[in-house]
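Residues per chain are reported as follows:
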Amino acid sequence: FAFQCCDSITSISIPSSVTVIGARAFEDCIALTSVNIPSSVTLIDSYTFCGCTQLNSVTFDTTSHVERIEAGAFWNCTSLTSITLPASLTFVDSNAFKGCYRLQFNVEAGNANYSAQGGTLYNKDKTVLISHPAGGTCTVADTVTTIGTRAFSYNEQLQSVVLPENLEIIEDEAFQGAGLTTLSLPLSVQTIGDHSFFGCSNLESIV
């Protein structure tokens, strides 16, 4: 909560001595437009930049050591249109970028854990869809067999999803609270997890 609700801050300079950006440190800094993450940072904690609605640029140092981005870290950063996740990243929570309705993911080629396609975040071999916060339509990669936990949850601007023919598993809370109106499930689906479609108040039909 160090700078929470400091709504006049437009920029910040994080020194190279910092290794952790703490939970909610810059939450609701609504005038903040950009942030550079130095190579020393290994952890961006929960809800760090949540509600920074003018934040449109997040840049990681070329020698970044960021390993983890926790839940809600960039929640409702509605001006953020793209982010390139560094090769060092080993964990990003599926809720880290919720409410970023314009966001397109990119991943540095050297990352051993994640990949991106069409702005969607996947595991390295694109068998698991990790997160898709953007609105509109999502066409899931043909290689995907699992929609991960909370992958589309609370994406109120999600209109439709095209699922691949080999999809097998929809994990818990995958579409919870999403804005879907219809959904067509392929014959290959074997498991639909707990609360997968809980709170989808616009959902009219599942085929």
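We now turn to the structure provided with this report.

## Digging into the pairing of strand β8 (residues 104–107)
And then number 1: Residues F105 and V107 of β8 are buried on one face, while the alternating residues Q104 and N106, pointing to the opposite face, are not.
And then number 2: Bridge count between strand β6 (residues 82–85) and β8: four bridges; the pairing is parallel. Each bridged residue has a counterpart across the sheet, and for T84 the counterpart in β8 is N106.

## Description of the sheet that holds strand β7 (residues 91–92)
Paired through backbone hydrogen bonds, the strands of a sheet run either parallel or antiparallel to each other.
And then number 1: With parallel pairing, the four strands of this open sheet are ordered in space as β1-β3-β5-β7. If you trace the sheet from one side to the other, it starts and ends with β1 (20–21) and β7, each paired once.
And then number 2: Pairing geometry for β1 and strand β3 (residues 43–44), over two bridges, is parallel. Residue pairing for β3: I21 is matched across the bridge by I44.

## Quick word on the nonpolar core
Considering soluble globular proteins, one finds that nonpolar side chains tend to be buried as a cluster.
And then number 1: With 35 residues, the main nonpolar core has I37, F49, I69, F74 and F97 as its most contacted residues.
And then number 2: Of all elements in the fold, only β2 (34–37), β4 (57–60), β6 and β8 reach the threshold of two or more residues within this core.
And then number 3: In this structure, I69 is in contact with I44, F60, F74, L85, L89, F91, V92, D93, A96 and F97, ignoring residues within four places of it in sequence.

## Overview of the packing of aromatic side chains
And then number 1: The tally for this structure, following the rule as stated, stands at eight aromatic pairs.
And then number 2: Seen from their ring centres, F97 and F105 are 5.2 Å apart, and the 85° between their planes marks the pair as edge-to-face. Per residue, the accessibility class of F97 equals that of F105, and both read buried.
And then number 3: Grouping aromatic residues by their ring pairs yields a cluster made of F3, F26, F49, F74, F97 and F105.
And then number 4: When the ring centre of Y47 is taken as origin, the NZ or CZ atom of R24, which lies over that ring, is 4.4 Å away.

## Considerations on the sheet that holds strand β13 (residues 146–147)
And then number 1: The sheet built from six strands is open, its strands ordered β9-β10-β11-β13-β15-β17 with mixed pairing. Strands with a single pairing partner mark the edges of an open sheet, and in this sheet they are β9 (114–117) and β17 (191–192).
And then number 2: Looking at chain direction, β13 and strand β15 (residues 169–170) are connected through two bridges and run parallel. When the bridges of β15 are listed, I147 appears paired with I170.

Conventions adopted
Residues numbered from 1 in each chain as written. Predicted model: local features only at pLDDT ≥ 70, side-chain atom pairs only at ≥ 80, totals over all residues. Heavy atoms only, no water. Buried < 20%, exposed > 50% of the residue type's maximum accessible area, 1.4 Å probe, protein only. Helix = DSSP H or I, 4+ residues; strand = E, 2+ residues; numbered from the N terminus. Pairing = 2+ DSSP bridges. Core = buried A, V, L, I, M, F, W, Y, C linked by side-chain atoms within 4.5 Å. Contact = heavy atoms within 4.5 Å. Phe/Tyr/Trp six-rings, centres within 6.5 Å; stacked < 30°, edge-to-face > 60°. Lys NZ or Arg CZ within 6 Å of the ring centre and 35° of its normal.

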